Amino acid sequence: EAQVTQNPRYLITVTGKKLTVTCSQNMNHEYMSWYRQDPGLGLRQIYYSMNVEVTDKGDVPEGYKVSRKEKRNFPLILESPSPNQTSLYFCASSLALNTEAFFGQGTRLTVV
Amino acid sequence: GENVEQHPSTLSVQEGDSAVIKCTYSDSASNYFPWYKQELGKRPQLIIDIRSNVGEKKDQRIAVTLNKTAKHFSLHITETQPEDSAVYFCAASGLGTNAGKSTFGDGTTLTVKP
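Everything in this summary refers to the structure shown in the same document. (Residues numbered from 1 in each chain as written. Chains lettered and ligands numbered in written order. Predicted model: local features only at pLDDT ≥ 70, side-chain atom pairs only at ≥ 80, totals over all residues. Heavy atoms only, no water.)

Description of the pattern of salt bridges
A side chain with one charge can pair with a side chain of the opposite charge if their charged atoms come near. All names here are of chain B. Heads up, the rule is: Salt bridge, as applied in this entry: a Lys or Arg side-chain nitrogen positioned within 4 Å of an Asp or Glu carboxyl oxygen. For each residue, the accessible area found with a 1.4 Å probe, counting protein chains only, is set against the maximum for its type, and the residue is called buried under 20%, exposed over 50%, and partly exposed in between.
For the structure shown, the criterion picks out eight salt bridges over all chains. Note that D49 is salt-bridged to K57, the shortest N-O span being 2.8 Å. What makes D49 buried here is its relative accessible area of 14%. What makes K57 partly exposed here is its relative accessible area of 36%. Ionic pairing is found between D84 and R61, a salt bridge with its closest N-O pair at 2.9 Å.

Re the pairing of strand 11 (residues 107–111) of chain A
Residues and elements named next belong to chain A. Our working rule: Going along the chain from the N terminus, every DSSP run of H or I of four or more residues is numbered as a helix, and every run of E of two or more is numbered as a strand. Whether two strands pair comes down to DSSP finding at least two bridges between them.
Burial of the side chains of strand 11 is restricted to one face: T107, L109 and V111 are buried, whereas none of R108 and T110 on the reverse face is. Both strand 9 (residues 87–94) and strand 11 contribute to a ladder of three bridges, which runs antiparallel. Among the inter-strand pairings, L88 is bridged to a residue of strand 11, identified as R108.

Some thoughts on the interface of chain A and chain B
Inclusion rule: Only heavy atoms enter the contact rule, under which two residues are in contact if any of them lie within 4.5 Å. In short, buried area is how much 1.4 Å probe accessible area vanishes from two parts on joining, totalled over both. Here a polar contact is taken to be a pair of N or O atoms separated by no more than 3.5 Å, where protein atoms must pair a possible hydrogen donor with a possible acceptor and residues adjacent in sequence count only if both atoms sit in side chains. Three classes are used: nonpolar for Ala, Val, Leu, Ile, Met, Phe, Trp, Tyr, Cys and Pro, charged for Asp, Glu, Lys and Arg, and polar for all others, with Gly counted as polar.
Contacts between chain A and chain B engage 23 residues on the former and 21 residues on the latter. In total, chain A and chain B occlude about 1,800 Å² of area from one another, counting both sides; carbon and sulfur atoms represent 50% of this. Between chain A and chain B we count one salt bridge in total. Note that K101(B) is salt-bridged to D59(A), the shortest N-O span being 3.9 Å. If you look at where chain A meets chain B, you find 11 residue pairs in polar contact (both at pLDDT 80 or more). Counting only elements with at least two residues in the side of chain A that touches chain B, the list comes to strand 4 (31–37) and strand 5 (43–51) of chain A. The leading source of residues in the side of chain A that touches chain B is strand 5 of chain A, at four residues. Tallied by class, the residues present in the side of chain A that touches chain B amount to 11 nonpolar, nine polar and three charged.

A few points about the side chain of D49(B)
Residues and elements named next belong to chain B. On the secondary structure map, D49 appears in strand 5 (residues 45–51). Reaching out from D49, the side chain makes a polar contact with the side chain of Y32 at a distance of 2.8 Å. Not counting chain neighbours up to four residues away, the residues in contact with D49 comprise Y32, F33, P34, K57 and V64.

Brief notes about a nonpolar patch on the surface
Filter applied, for reference: Residues enter patches when their relative accessible area tops 30% and they take part in no salt bridge; the joining distance is 9 Å for like charges and 5 Å for the nonpolar side chains Val, Leu, Ile, Met, Phe, Trp and Tyr. Accessible surface is estimated by sampling points in the Shrake-Rupley manner with a 1.4 Å probe; for residues, cover comes only from the protein chains shown.
Together, I12(A), V14(A) and V112(A) line one region of the surface with nonpolar side chains, adding up to about 310 Å² of accessible area. With a relative accessible area of 57%, V112(A) lands in the exposed category.

So, the environment of Q60(B)
Assignment of secondary structure puts Q60(B) in the loop between strand 6 (56–59) and strand 7 (62–67). Sequence separation of Q60(B) and I77(B) is 17 residues, and the distance between their C-alpha atoms is 9.2 Å.

As for the sheet that holds strand 3 (residues 19–25) of chain A
Residues and elements named next belong to chain A. Ordered in space as 1-3-8-7, the four strands form an open sheet in which the pairing is antiparallel. Looking at the sheet topology across the chains shown, the edges are occupied by strand 1 (4–7) and strand 7 (65–66). Bridging between strand 3 and strand 8 (residues 76–78) involves three bridges; their strand directions are antiparallel. Bridging from a neighbouring strand, V21 pairs with L76 of strand 8.

With respect to the side chain of S102(B)
With respect to the helices, strands and loops of the structure, S102(B) is situated in strand 10 (residues 102–104). Owing to a relative accessible area of 11%, S102(B) belongs among the buried residues under this scheme.

Observations concerning the packing of aromatic side chains
Aromatic ring pairs are described here by two measures, namely the spacing of the ring centres and the angle between the planes. Our working rule: The pairing test for Phe, Tyr and Trp rings, Trp by its six-membered ring, is centres within 6.5 Å, and the orientation test on the planes gives stacked under 30 degrees, edge-to-face over 60, and tilted for anything in between.
Throughout the structure, instances matching the rule amount to 11 aromatic pairs over all chains. Note on F103(A) and Y36(B): the rings are 5.5 Å apart at their centroids and 85° apart in plane angle, and the pair reads as edge-to-face. Highlighted residues: F103(A) in strand 10 (residues 102–103) and Y36(B) in strand 4 (residues 30–38), drawn from two different chains. For F103(A), a relative accessible area of 3% corresponds to the buried category. Aromatic ring contacts, followed pair by pair, group Y35(A), F90(A), F103(A), Y36(B) and F104(B) into a single cluster.

Laid out in structure tokens, this is it:
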């Protein structure tokens, strides 16, 4: 089944403890992206990748890192999480730039 | 960068009525305008999209119109049904210096009353 898979689905962590949210797609998509969703603020783009080894900042990249070593994986790394990074995170992939985005199930992160 | 404004933030209609959600964008280089539907607790899913070389696109009860000159695009849902109740997001992306960036509106919560 074609899908985008994120893990974990839920995570509670403490301030400053490094964490990684994984994202994997099995559709051979070129483009991948991370978003955070907060009430009333829609989906805000954190980072995106147009191809392997190519990543770039979205609108809210501060406090996040990403890597794209393989086409299928696009992990989101929080080196030192803070409470203001408590949010619902979505990974998405698209066949190419400016085409339909397929979203993962979401990861609800709480930083205390 | 791109700025997308979406109105209204909430919309309540009676079953069978039409619903219209409007978005404006700021970057004239944007050329791809998708609409996503997000049901409660679920992931966003594409319902319709339009490119800048087209003024209107229709898919059964759903249509999208685009006015490039005015930089706005709208989602039209006719004969609404209770299962249309969800949050709807518009988005804009394009080529040029902001290629790769995708900007979403803040969302519209649509409630269809039976």
